[in-house]
Structures are given as C-alpha cells and as structure tokens.
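Fold and geometry: a report
Chain by chain, the residues run as shown.
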Amino acid sequence: MVEPIVIDGQRAWLKQYGKGSRAMALGLLNFVAHRFQLDALRPPPHRGGDAAREVEARRLGELQAQGVNVPDVIGSGHAALVIGENGSSFNTCLREADDAGRDRLVMAAMRALAEAHSRGAYFGQPLPRNLTWDGERVGFIDFEEDPLEVMDLAEAQARDWLMFGYGVAKYYADRPDCLQAMMAEAIGTVQAPVREHVHAVSGRLQRLARVCMKLGRSARTLAHSIFIAHGATTMGVLMVVGLCMDFFADGELDILQLFC
Ligand SMILES: Nc1ncnc2c1ncn2[C@@H]1O[C@H](COP(=O)(O)OP(=O)(O)O)[C@@H](O)[C@H]1O
Ligand SMILES: [Mg+2]
C-alpha cells in the first residue's frame, strides 16, 4: 500500500509492503517464459514485508548512485519505507496531454531510459504508472522486484524497452507509426545486445501468437486462465495477458510492430 503523507510541510510517500505470495501466477509466467525462450520476460521473485523493503531501498540507492532521477529514501520501518516526492504521475500527464505534448513526454521518457541504461542502470517495470514527471525531468519509482535475480543486464534492459513499449502503446492506438518512429530513434542509441534481445523476444512472441491462433478456443481459455492469475499479478503477467488480449482483439500483435 502506498499513500502520500506530509513531513515538515513537504509531501512524501509511505510505502508499506504486504505479503509476497504470487507463486501460482509467477510459476505460470515462468513456465511460459521458459517454454518460449522469452528470457527477458522471466518474472523476478516477488517478495513481501521486510525483504521487499530491502530490495526497494537497495535498488533506489544503486539507481541514485548511477545518476538516475529516483526519489530519496527518507525513512524506514518494519516492512515500510518513506520516500520523497518525485513528481506527478506520468500516466496522468500522458492522459491529459494532446498529441504533441504526449510525443514530447514519451520521447523524454525514452531518452531518460536510454541514458540510464548507458550508465549501467535497469528498471524492471518502467510502465507509465511507475514513471514521474516534474515538468522538466522524467523520474522512476517502484523497485521492489529485481530482474537481475533471474536475468543478465542486457536482458533486463531489453525487458525495460518491452515494458515501456507495452505501457505507452495504448496512447498510440491511432498513431502507432509515430510511436514506432520514436522508439526506433531511441532504441537506435542503445547497445547492440539489448536491441537484439528486444528483437528476439518480440519475434518469438509472434510465433507464440501464431501457435495460439492454431489452438483456437483452448488458447482463449489459456488467456482467461492467465487473466484469473492476474488477481495476483505482476506486470510481467499483465504484459503476457495484454499481448494475448491485443492479439485476440484483431488477430494481430500491434505492439510488436514497434520493435520489428
Ligand atoms: N516517490 C513518489 N513520487 C511520486 N509519486 C509516487 C511516489 N511513490 C509512489 N507514488 C505514487 O503511488 C503509486 C504507487 O506507488 P508504487 O511505488 O508504484 O507502488 P506499487 O508497488 O503499489 O505499484 C505510483 O503509481 C505513484 O502514482
Ligand atoms: Mg507501481
């Protein structure tokens, strides 16, 4: 649970970590990721309580040392952290912006992602709701999972691009070409192994989608069962669900056009 609080007149955030049980959903996603060699989508362990707090505090410290715009840790307690205000919700900013403003925000976020990656940083879940915007800079929050526990750095950075692309795609339903062009520009600057992972994973997902198509009804049932597991979701699960829904909606994986 996360709630805004005020300390000495300054806005801050109290984050309390609940229990970390998502074994079923994580097991299912792990199986799918293994089966289809979607290494960058392998789910990191989802811990709860003090273990989750420790991961988040450590990751915030690492990212800050790498010069990434993340909030300060102001205090900590049993299964809880107090962190500084990092800006408005990027999601809200995207929703409220016009097309030109949205393009500026997305381009700024992709530049921030690429720049952080060039310093060796990685995020895990850089979805619009885990990004912030203070009017000048894109910031990053929410680090209670650490992808490096289950993959290497290039895979973790590839995962960031896949997550980000998935997260912003819904704002570009009418202008996918525009998002593709911006993504191509930003991703052109990142290291070759990262680009190759993004390409490989998105390519394998296309094959998975074709397999699902042949399976027909049972594939829908699988999508539904993943949806049920969504109750205990990680963004990784959401992403697979989202890709399934994207595919089942019109028989095409529009999102993948971004990476090909
Ligand atoms: N430091 C922060 N600065 C600004 N907004 C924050 C901050 N921490 C949390 N929030 C807000 O609270 C929401 C939930 O926080 P988050 O750390 O993403 O927790 P969860 O693990 O529940 O997703 C975010 O989407 C954001 O809107
Ligand atoms: Mg979050």
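The present account deals with the structure reproduced in this document. As the structure is a prediction and not an experimental result, all values here were calculated from the model.

**Description of the pairing of strand E3 (residues 73-77)**
- Note: E3 against strand E4 (residues 80-84), four bridges, orientation antiparallel. Residue pairing in the sheet places glycine 75 in a bridge with valine 82 of E4.
- In sequence, E3 turns back onto E4 through a hairpin of two residues, with alanine 79 there showing a positive phi of about 50°.

**Some details on unusual backbone geometry**
- The backbone of aspartate 8 shows a phi angle near 50°, a positive value even though the residue is not glycine.
- One can find aspartate 8 in the loop between strand E1 (2-7) and strand E2 (10-16).
- The exposed category is assigned to aspartate 8, whose relative accessible area is 77%.
- Here the phi dihedral of aspartate 142 falls at roughly 75°; this positive angle occurs in a residue that is not glycine.
- Mapped onto the elements, aspartate 142 comes out in the loop between strand E7 (138-140) and helix H5 (153-169).
- Judged by its relative accessible area of 18%, aspartate 142 is buried.

**So, the sheet that holds E3**
- Strand order in this open sheet of four strands is E1-E2-E4-E3, and the pairing throughout is antiparallel. Each edge of the sheet is formed by a strand with only one pairing partner; in this case those strands are E1 and E3. Across the sheet, the mean angle separating the axes of adjacent strands is 25° when strand polarity is ignored.
- The sheet contact formed by E2 and E4 spans five bridges and is antiparallel. What sits directly across from tryptophan 13, in E4, is isoleucine 83.
- Helix H2 (residues 49-65) contacts E2, E3 and E4 of the sheet and is inclined by roughly 25° relative to E4.

**Some words on the site of ligand 1**
- Taken together, 14 residues are adjacent to ligand 1, and Lys15, Gly84, Asn86, Arg129 and Asp142 come closest.
- A distance of 3.3 Å separates a nitrogen atom of ligand 1 from a polar side-chain atom of tryptophan 13.
- A distance of 2.9 Å is found between an oxygen atom of ligand 1 and a side-chain nitrogen or oxygen belonging to aspartate 142.
- Contact with the protein chains covers 78% of the free accessible surface of ligand 1, which is 550 Å².
- Those elements that place two or more of their residues in the shell around ligand 1 are E2 and E4.
- For the shell around ligand 1, a count of residues per class yields five nonpolar, four polar and five charged.

Cut-offs applied
Residues numbered from 1 in each chain as written. Chains lettered and ligands numbered in written order. Predicted model: local features only at pLDDT ≥ 70, side-chain atom pairs only at ≥ 80, totals over all residues. Heavy atoms only, no water. Pairing = 2+ DSSP bridges. Helix = DSSP H or I, 4+ residues; strand = E, 2+ residues; numbered from the N terminus. Buried < 20%, exposed > 50% of the residue type's maximum accessible area, 1.4 Å probe, protein only. Axes fitted to C-alpha atoms, helices over the stretch in contact; angles between N-to-C directions. Contact = heavy atoms within 4.5 Å. Near = heavy atom within 4 Å. Polar contact = N/O pair within 3.5 Å; in protein donor to acceptor, adjacent residues only side chain to side chain. Areas by Shrake-Rupley, 256 points an atom, 1.4 Å probe, with all protein chains shown as cover. Nonpolar A, V, L, I, M, F, W, Y, C, P; charged D, E, K, R; others polar.

Bear in mind that shape data such as this cannot, by itself, settle questions of function.
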